[in-house]
Amino acid sequence: MSTLLVTTTSLAALIIYVLVHTLYIRKGLHKTPQFVRGNYPILGAVGFWTRRWDFFKEARSFSKSGNFSFHAGSNLLVCVTGEKGRRVFYDSRELRLEEGYSVLFGQIPDTKLNDDADLREDARSTHQRFMRHLQHFIKIDYIRSRFPLMRAEVRAGMEAIKNDPRGVTDPFDSIYRLIFMLLIHLAGGDEMAKDHNIADEILYYFAMLDESAGATTVMFPRTPSWPFLKRTYAGFRLYTVVDNIVKQRSKQRLDDPIQYLLDEGERSYKIVEFLIGILFAGLLNSGINAAYTMCCLASSPEWLAKARQEVRLVAGKYAKDPNGPLYRQLDDVPFNAFETDFPAVGACLKDSIRLNQMMAQFRRNCSRHAIKLGNGEVIPPGAFATYHVGDAHMDPDIYPEPEKWDPSRWSPGVEQDKKGYAFVGWGCGKHPCMGMRFAKLEQNLITAYFLAYFDFHLEDEHGSKLAEPPEIDYNQHGPGRPKTKHFLKVTPLEK
Ligand code: HEM
């Protein structure tokens, strides 16, 4: 009898706690925007994890102001929308990027565990350290000094595609890998660039880290779930790769980014942290967009012709032998011209970014006061703010036929990003992309050489010609590989 009483009382207490927590404590004292339907106790809004873009669209249309609130585990999120929302999200000093992503992305493993150092750093100081090093690597004179290595890497990549007896390449592998190698030249180690096994190992464990991110690692960051174990293992393997390189450096100095980090006093685990940060910031975005741009060019005779004409024009301006093969002519094009002389190629990339950058961005209100949204609603202190890029990039009032890849949107005179923060694909306000200049350079370099080496069209895995670029899954959490395989059938150009 007494067991029954205890069980019943405990159950009743649990139900009361869940009700009070859900209705009052979780909703907070502040005037947060309307809560979404299906914001469950403990888990929060499941749609945020399972079908992100659809979830945002539905929640936005149900909310009177367009803004809405929900939970991810115990974290309160306020989603802002529209131009006003964008202004607050991107311009507010109190909203911190690093604190937002460090909790809501859930990918970065604790590499400190592999080191005996007793350092405790919060997300802010880790971010500041990361940015300080990155500032060094994105100085234009530094990039210029690495440019010959980068060009040689791209040439080697093109030769590998040309010599592949299948005559086809999957750009989401080959072009993506090239982007990875260029990042390694920018901010990795010479050993990684020279030894393909090391490069492959890093790519493999980075992919494992990326896959492990999701609901479980955000809601239960320390629980030994399968994704948590994968993330920890990948972090450990990356640490081992870097630590082996670092140990060799006690015998031999090299003139490369790792040496710079070591001279700055960094230990192995900090170098791994930096490397992982660079890969998350620069590989997925650049790699997927470069590959997707190539697929779009393959399925647009108009833009393929425009872009190749641009390459011929620039190459012709600098070539020592104007009768040589186009790719040889490109070898004479200087660094500066690769930065500035490819506007058509740039427009192709920009519209790819508009379509592929369909992700939620995050911030956290780290101040002690609520941040006003201008309509009586607020982002409470400690809460997270989120903005879904699709709110701007898929707005038909800004971009007619928003799902269509159309670089003419970015032609001089018709630029569609003039209205308040309508293009946020490179970030804006307080946090514009730090790697933008480098990313544009690598894109121009790869696209120009690809166009100079090959004629190409799209095929499926059975060799049937395809007329459309791969479908983008807008519900993904960031730029990702398409679900169906697309190949570029390449024919080397004679001239
Ligand atoms: C096509 C390629 C790229 C795209 C589309 C892109 C896009 C973006 C976007 C949208 C943001 C702002 C995120 C936000 O506001 O929440 C951002 C920030 C950032 N990006 Fe990029 N990115 C690219 C390549 C790179 C590369 C290659 C690097 C590094 C070499 C890089 C480093 C960064 C960093 C460090 C930040 C954070 C800036 C801050 O905290 O203030 N990005 N990027």
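Residues numbered from 1 in each chain as written. Predicted model: local features only at pLDDT ≥ 70, side-chain atom pairs only at ≥ 80, totals over all residues.

The name an unreviewed UniProt entry assigns to the chain is Cytochrome P450 6A1, from the organism Lentithecium fluviatile CBS 122367. The chain has a UniProt comment under Cofactor (unreviewed entry) that states "heme". (UniProt positions renumbered as here; feature names shortened; annotations may be inferred.)

A.B. asks: Would you mind showing me how to read the overall build of the chain here?
C.D. replies: Scanning the chain from N- to C-terminus turns up 20 helices and 13 strands. Out of the 495 residues in the chain, the part that is buried amounts to 43%. Long-range pairs, those at least 24 residues apart, make up 74% of the contacts in the chain between residues at least 6 apart in sequence. (Helix = DSSP H or I, 4+ residues; strand = E, 2+ residues; numbered from the N terminus. Buried ≥ 20, exposed ≤ 12 C-beta atoms within 10 Å, placed from the backbone. Contact = placed C-beta atoms within 7 Å.)

A.B. asks: Honestly, the site of the ligand in this entry has me stumped. Any pointers?
C.D. replies: The environment of the ligand is formed by 20 residues, the closest being Gly282, Asn285, Gly427, Cys433 and Gly435. Looking at the shell around the ligand, the elements that each hand over two or more residues are α14 (268-298) and α20 (436-453). Per element, the largest residue contribution to the shell around the ligand is 6 residues, and it comes from α14. Across the shell around the ligand, the residue classes tally to 10 nonpolar, 10 polar and no charged. (Near = placed C-beta within 6 Å. Nonpolar A, V, L, I, M, F, W, Y, C, P; charged D, E, K, R; others polar.)

A.B. asks: Is there a simple way to explain the packing of helix α18 (residues 343-356) against α20 in this structure?
C.D. replies: For the pair α18 and α20, interaxial distance at closest approach is 10 Å and the crossing angle is 110°. Classified by the interaxial angle, the pair formed by α18 and α20 is roughly perpendicular. Crossing hand, α18 versus α20: right-handed. Contacts between α18 and α20 involve Val345, Gly346 and Leu349 from the former and Lys440, Gln443, Asn444, Thr447 and Ala448 from the latter. Residues that form the contact of α18 with α20 fall into these classes: 3 nonpolar, 4 polar and 1 charged. (Axes fitted to C-alpha atoms, helices over the stretch in contact; angles between N-to-C directions. Parallel < 35°, antiparallel > 145°, perpendicular 65-115°, else oblique. Left-handed = near helix turned anticlockwise from the far one by under 90°.)

A.B. asks: Got a minute to help me understand the confidence of the model for the chain in this structure?
C.D. replies: If pLDDT is low for a region, its predicted coordinates should not be looked at in detail. Of the residues in the chain, 89% reach a pLDDT of 70 or more, and the chain-wide mean stands at 89. Ranking the elements of the chain by mean pLDDT puts helix α1 (residues 2-25) last, at 64, and strand β6 (residues 168-169) first, at 98. Segment residues 116-120 is flagged for pLDDT under 50; beyond a separation of four residues in sequence, or across chains, it makes 3 contacts in the model. (pLDDT = per-residue confidence, 0-100.)

A.B. asks: Would you take a moment to explain the sheet that holds strand β13 (residues 487-492) for this structure?
C.D. replies: Picture the strands of a sheet paired through backbone hydrogen bonds; they go either parallel or antiparallel. Judged by pairing direction, the sheet is antiparallel, and its 4 strands sit side by side in the order β6-β13-β11-β12 without closing on themselves. Sheet topology places β6 and β12 (465-466) at the edges, where each strand pairs with a single neighbour. Contacts between α14 and the sheet are confined to β11 (454-459) and β13, with β11 contributing the most and set at about 90° to the helix. (Pairing = 2+ DSSP bridges.)

A.B. asks: So what exactly am I meant to see when it comes to the nonpolar core here?
C.D. replies: The nonpolar side chains of soluble globular proteins are, as a tendency, buried together. Leu183, Tyr449 and Ala452 are the most contacted members of the largest nonpolar core, which has 127 residues in total. Tallying contributions element by element places α14 first for this core, with 19 residues. Residues in contact with Ala452, not counting those within four places in the same chain, are Val311, Ala315, Leu326, Tyr327, Leu330 and Leu493. (Core = buried A, V, L, I, M, F, W, Y, C linked by C-beta atoms within 7 Å.)

A.B. asks: What is the right way to read the environment of Tyr327 from this model?
C.D. replies: By the element assignment, Tyr327 lies in helix α16 (residues 326-330). Given 23 C-beta atoms within a 10 Å radius, Tyr327 is considered buried. Contact partners of Tyr327, with chain neighbours within four places excluded, come to Met158, Tyr449, Ala452 and Tyr453.

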